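# Summary of the model geometry
Given next are the chains, with one letter for each unit.
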Amino acid sequence: MSRDGADPGWASPDVTNTKYDRQAAAYRNQDEVWPARVIRRGAVVRPLAPHARSLAELTFEVGEVRFSLSDYMERRRTAGLLILKDGEIALELYGMGNGPESRWVSFSTAKSITATLVGAALHDGAIGSLDDRCDLYLPRLRGSAYEGVTVRNVLRMCSGVAWAEENVPEEDSDVWRLNKALMSRRPGAVMDLACALPRAQPQGVVFNYSTVESCLLGAVVVAATGRPMAHYCSETIWGPAGMEADGYWLLESGGGLEMGGFGVNARLRDFARFGQLVLEDGESFSGRRVLPPGWRDLAGQPDSASTAFGRLMPSSPAGYGYHWWAVPRSPANVNGGAFSAVGAYGQRIFVNPAEQVVAVIQSAWRQSHDSDGDAEIVALLRAAVSALRPDAASNTPARTGAER
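The model shown is predicted, which means the values in this text are computed figures rather than measured ones.

The number of helices and strands found in the chain is eleven helices and 13 strands. A compact globule built from 404 residues would reach a C-alpha radius of gyration of about 22 Å, and the chain, at 20 Å, matches this within 12%. C-alpha extents for the chain along the principal axes are approximately 60 × 50 × 45 Å. The buried share among the 404 residues of the chain stands at 61%. Put simply, of all contacts in the chain between residues at least 6 apart along the chain, 67% involve residues at least 24 apart. Approximately 15,300 Å² of the chain is accessible, and the part contributed by carbon and sulfur atoms is 51%. Side chains of the chain give 41 positive and 46 negative charges; the mean places of these two sets differ by 1 Å.

Moving on, we come to empty space enclosed by the protein. Picture a little ball the size of a water molecule; that probe, rolled over the atoms, points out where space is still empty. The final tally for this structure, using the stated rule, is three cavities of 30 Å³ or more. Its volume calculated, the largest cavity comes out at about 40 Å³. Val105, Ser106, Thr109, Phe271, Gln347, Arg348, Ile349, Val360, Ile361 and Gln362 are the residues that line the largest cavity. When residues of the lining of the largest cavity are traced back to their parent elements, those giving at least two are strand E12 (347–352) and strand E13 (357–363). Per-class residue counts for the lining of the largest cavity are five nonpolar, four polar and one charged. Taken as a whole, the second largest cavity holds about 40 Å³ of empty space. Around the second largest cavity, the lining residues are Ser108, Lys111, Ser112, Tyr209, Tyr320, His323, Trp325, Ser340, Ala341 and Val342. Listing elements by their share of the lining of the second largest cavity, those giving two or more residues are helix H3 (110–124) and strand E11 (339–343).

To continue, consider the pairing of strand E8 (residues 264–267). Two strands pair when backbone bridges link them, and strand E6 (residues 103–105) and E8 are joined in this way by three bridges, in the antiparallel orientation. What sits directly across from Val105, in E8, is Asn265. As paired strands, strand E7 (residues 247–250) and E8 are joined by two bridges and run antiparallel to one another. In the sheet register, Trp249 faces E8, and the bridge partner there is Val264.

Let us look at the pattern of salt bridges. Across all of its chains, the model carries 27 salt bridges by this definition. The salt bridge partner of Asp370 is Arg76, with a shortest N-O separation of 3.1 Å. Placement of Asp370 in the loop between E13 and helix H11 (371–387) and of Arg76 in the loop between helix H2 (69–75) and strand E4 (78–85) is noted, with a sequence separation of 294 residues between them. Here Asp370 matches Arg76 in class, with each residue buried. Arg133 serves as the salt-bridge partner of Glu147, at 3.9 Å between the closest nitrogen and oxygen. Residue Glu147 is located in the loop between H3 and helix H4 (151–155), and its partner Arg133 is located in the loop between H3 and H4; the two are separated by 14 residues in the primary sequence.

Under the definition given, this model contains 13 aromatic pairs. Between Phe60 and Tyr72, the ring centres sit 6.0 Å apart and the planes meet at 70°, which makes this aromatic pair edge-to-face. Residue Phe60 is found in strand E2 (residues 59–62), and its partner Tyr72 is found in helix H2; the two are separated by twelve residues along the sequence. Take Phe60: its relative accessible area is 0%, and that puts it in the buried class. Taken together, a centroid distance of 5.9 Å and an interplanar angle of 55° make the contact between Trp295 and Tyr322 tilted. Of this pair, Trp295 sits in helix H10 (residues 295–299) while Tyr322 sits in the loop between strand E9 (319–320) and strand E10 (325–326), and the two are 27 residues apart along the sequence. On the accessibility criterion, Tyr322 (0% relative accessible area) is buried. Among the aromatic side chains, those forming a connected cluster through ring pairs are Tyr27, Trp104, Phe107 and Tyr345.

About the criteria used
Residues numbered from 1 in each chain as written. Predicted model: local features only at pLDDT ≥ 70, side-chain atom pairs only at ≥ 80, totals over all residues. Heavy atoms only, no water. Helix = DSSP H or I, 4+ residues; strand = E, 2+ residues; numbered from the N terminus. Rg over C-alpha atoms; globule rule 2.2 N^0.38 Å. Buried < 20%, exposed > 50% of the residue type's maximum accessible area, 1.4 Å probe, protein only. Contact = heavy atoms within 4.5 Å. Areas by Shrake-Rupley, 256 points an atom, 1.4 Å probe, with all protein chains shown as cover. Lys, Arg positive; Asp, Glu negative; His and termini not counted. Charge placed at Lys NZ, Arg CZ, Asp CG, Glu CD. 1 Å grid on protein atoms, 1.4 Å probe; cavity = no way out; pocket = protein on both sides within 12 Å on 5 of 7 lines; lining within 4 Å. Points joined across faces, edges and corners; volume = space filled by probe spheres on them. Nonpolar A, V, L, I, M, F, W, Y, C, P; charged D, E, K, R; others polar. Pairing = 2+ DSSP bridges. Salt bridge = Lys/Arg side-chain N within 4 Å of Asp/Glu carboxyl O. Phe/Tyr/Trp six-rings, centres within 6.5 Å; stacked < 30°, edge-to-face > 60°.

The structure is reproduced here in structure tokens:
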């Protein structure tokens, strides 16, 4: 039996193949099927007081249909929904059998944590410059397509190295090959895969979303700092941000490398504290700075033509920062300038500096990507941000549109 009493057959070692009726137990208990390393909490917990304005009665519209929060939680199989305004809790809801002490999988929202650790290593001096070549820290990249690629271009996902992120169980899928490498539990299997990839473009020219690039960034952090990522995360994020509980980071093998592209498991409130640390530009609530000044605005917004707003995907206005998805600024757009960590099956960490709002959503969607689910998240967050504005007298109807 798992720790929450689920049947022993509750999880596949490949979490993306877990049947939907077993997702919740699987997502809460990944350390029972994968090797993991603990991310230790610090000595002091950051308090999250209730905000003066509660969002408990919030509603929002998608098209011509109005939804309540209970509608959303049930329909979108939501395990946790937390919204902070000025570092205080305006909304906290749980579902899918979760509660405040439940830890949940991050999926690709961990990419943004890995990128933040790059910022911490830059602040510490362990990484000399974002324009350093990755092979300066990882000599094994020499002779591969990653030779000469800069840390900055991997943060942008503009390495020029070939990769197809399609998650289909076919031998010509790079994600299939990544899963195969992970299932082998062989130390070094992920880096071996990265080193075998061919070059497709010059670096810096084309955005290409790639989970293996986040894993490579994690390896850079480990090599630069001389510490496992989970330990370095504890020192620079988990402790300074005032997390209330240990998290854990899944490993490619027993005692091996953390999965920089996914694999962080933590409580809802602690993911929110991470978002709050980023919103506050890396100056922790205790006053210790853990990121370079200006990192939030550098990492949270596009800084190149290839990652600019509207350039990533057809019909999408989004841009890409350093492992964060960004929303274009507009006077009529309450989420303009916001950025998000996005993970499969409905995981989000949303940071809106202009409105001082952080939101975290943990879900167990029945499929990894869902455009209708994405639209509902946008509408929900827009309504929440509007309702938390000082001049908001009542809930503001919200419709999907260019913010998506």
